[in-house]
Amino acid sequence: MGFLGIDVGGTFIKVVKKDNTSFIQDKIRIEDCHKSHQGFTDTLIDIIQKYKPLKVGIAVAGLVDKSGRITSSPNLKYVENLNLKAILESTSGISTLVGNDANLATYGEYVYGNGKGSKILICLTLGTGLGGGVVVEGKILEGVSGCGMEVGHMIVEKDGELCSCGRRGCLEAYVSSYGLEKIYTKLSNKFLSSFDIIKSAKRGEKRAIESFEVLVDYFSIGVMNLVHIFNPDRILLSGGIVENYPDLVEKVKLKVKSMAFPLPASILEIGVGSLGSWSGAYGALAFAENYSS
Ligand SMILES: [Zn+2]
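Model, not experiment: these values are computed from the prediction. (Residues numbered from 1 in each chain as written. Predicted model: local features only at pLDDT ≥ 70, side-chain atom pairs only at ≥ 80, totals over all residues. Heavy atoms only, no water.)

Asks: It is not clear to me how helix H6 (residues 206-230) should be interpreted in this structure. Could you clarify?
Replies: Each turn of an α-helix holds 3.6 residues, which means side chains three or four residues apart point in the same direction. For H6, spanning 25 residues, the distance from its first C-alpha to its last is 36 Å, which sits close to the expected 36 Å at 1.5 Å a residue. The N-cap residue of H6 is Glu205: its side-chain oxygen and the backbone nitrogen of Arg207 are 3.3 Å apart. Looking one or two places after H6, you find Asn231, whose phi comes out positive at around 50°. (Helix = DSSP H or I, 4+ residues; strand = E, 2+ residues; numbered from the N terminus. Expected span 1.5 Å × (residues − 1). Polar contact = N/O pair within 3.5 Å; in protein donor to acceptor, adjacent residues only side chain to side chain.)

Asks: Help me understand the coordination of the zinc ion in this model?
Replies: Ligation of the zinc ion by protein atoms is provided by His153 (ND1), Cys163 (SG), Cys165 (SG) and Cys170 (SG), these donors lying 2.0 to 2.4 Å from the ion. One way to put it: the four donor atoms around the zinc ion meet at angles of 104 to 122°, and that makes the site tetrahedral. Read from N- to C-terminus, the donor residues coordinating the zinc ion fall into the pattern H-x9-C-x1-C-x4-C. Of this pair, His153 sits in the loop between strand E10 (139-140) and helix H4 (177-188) while Cys163 sits in the loop between E10 and H4, and the two are ten residues apart along the sequence. (Donors = N, O, S within 2.8 Å, 3.2 Å for Na, K, Ca; no water. Tetrahedral: all angles 85-135°; square planar, octahedral: opposite > 155°, others 65-115°.)

Asks: For this particular structure, what's the right way to read the sheet that holds strand E8 (residues 120-126)?
Replies: The strands making up a sheet associate through hydrogen bonds between their backbones, and the pairing can be parallel or antiparallel. The strand order E10-E9-E8-E11-E12 describes an open sheet built from five strands, whose pairing is mixed. The open sheet has two edge strands with one neighbour each: E10 and strand E12 (269-272). Two strands pair when backbone bridges link them, and strand E9 (residues 130-136) and E10 are joined in this way by two bridges, in the antiparallel orientation. Note on E10: the bridge partner recorded for Val136 is Lys139. Together, E8, E9, E10 and strand E11 (234-238) form the strand contacts of helix H3 (residues 101-112), whose direction differs from that of E9 by roughly 50°. (Pairing = 2+ DSSP bridges. Contact = heavy atoms within 4.5 Å. Axes fitted to C-alpha atoms, helices over the stretch in contact; angles between N-to-C directions.)

Asks: How should the side chain of Ser211 be read in this particular structure?
Replies: Tracing the backbone through its elements, the reader meets Ser211 in helix H6. One polar contact links the side chain of Ser211 to the main-chain carbonyl oxygen of Arg207, over a distance of 2.7 Å. Not counting residues up to four positions away in its chain, the partners in contact with Ser211 are Leu180, Ile183, Tyr184 and Leu187.

Asks: How should I be thinking about empty space enclosed by the protein in this particular structure?
Replies: One way to see where empty space is left: roll a probe the size of a water molecule over the atoms. For the structure on display, the rule yields one cavity of 30 Å³ or more. There is about 40 Å³ of room inside the largest cavity. Lining the largest cavity, in full, are Ala105, Glu109, Cys123, Thr125, Leu236, Ser238, Gly273 and Ser279. Put simply, the parts of the chain that give the lining of the largest cavity at least two residues each are H3, E8 and E11. Of the residues contributing to the lining of the largest cavity, the split by class is three nonpolar, four polar and one charged. (1 Å grid on protein atoms, 1.4 Å probe; cavity = no way out; pocket = protein on both sides within 12 Å on 5 of 7 lines; lining within 4 Å. Points joined across faces, edges and corners; volume = space filled by probe spheres on them. Nonpolar A, V, L, I, M, F, W, Y, C, P; charged D, E, K, R; others polar.)

See below:
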């Protein structure tokens with residue numbers, strides 16, 4: 001029986017099954033034919049039926065309400081307004097919990113990763129967008145509607161760059177792969193993908209390094225705001241940009257420590273997550289294990 005955690009990303013579905021103390025990981029590519037309501041739910045039902053868990057947790061990108069309905073999802077438009085929990089439970093007969101991927105990634109690091117033992121843990125994931133979550137004394141801070149901690153959309157610049165959410169000046173508009181690309185284009189008048197900007201920065205190219213300095217400035221403001229609001233003991237950074245440009249972590253750490261109030265700064269540890277791109281799946285697993293539906 002055991003428990004199952006599923007993380008639905010833009011390209012892959014990641015699965016973790018836990019039986020007693022053993023874990024099995026699986027990764028499934030989302031084929032184009034699955035990109036519909038029906039194809040999507042059929043794929044998930046196949047996975048659940050294959051592993052036959054006692055309970056399943058599912059992490060999805062986007063806003064999920066407390067009933068298990070996905071109210072909006074930037075990279076899974078075809079599942080918007082779908083009550084995933086109700087559909088999967090009625091078909092599979094297995095108790096199912098659905099949550100936001102960034103919240104569950106944080107919970108995954110808390111239960112199974114570098115967040116273990118933290119009193120107030122914040123995780124920030126820098127990838128296509130900027131996701132975040134908080135775990136307070138072992139509980140996910142979900143907010144009343146289940147959509148708290150949209151940290152990527154805290155405004156750090158009035159009338160600033162356009163964000164994927166349609167607002168201007170959000171932290172994500174600077175601290176994400178597309179944010180980095182915009183900064184670079186402004187500084188150099190040419191476009192490079194975030195991947196190539198990282199490569200150029202590592203080679204010492206001036207504009208790429210300057211682009212990271214701008215990103216670090218905005219990111220440090222965002223992190224400092226979180227430090228002053230939550231007074232966390234640990235902040236873990238992860239995601240493609242952090243993995244490929246690890247210098248970023250030290251730069252943000254130094255800047256935040258120098259800008260924030262000394263008392264919250266003195267107890268704060270800033271590090272990296274240990275579960276990488278699997279944190280959402282492990283968080284979904286822990287969600288199924290520890291939360292009631
Ligand atoms: Zn935004």
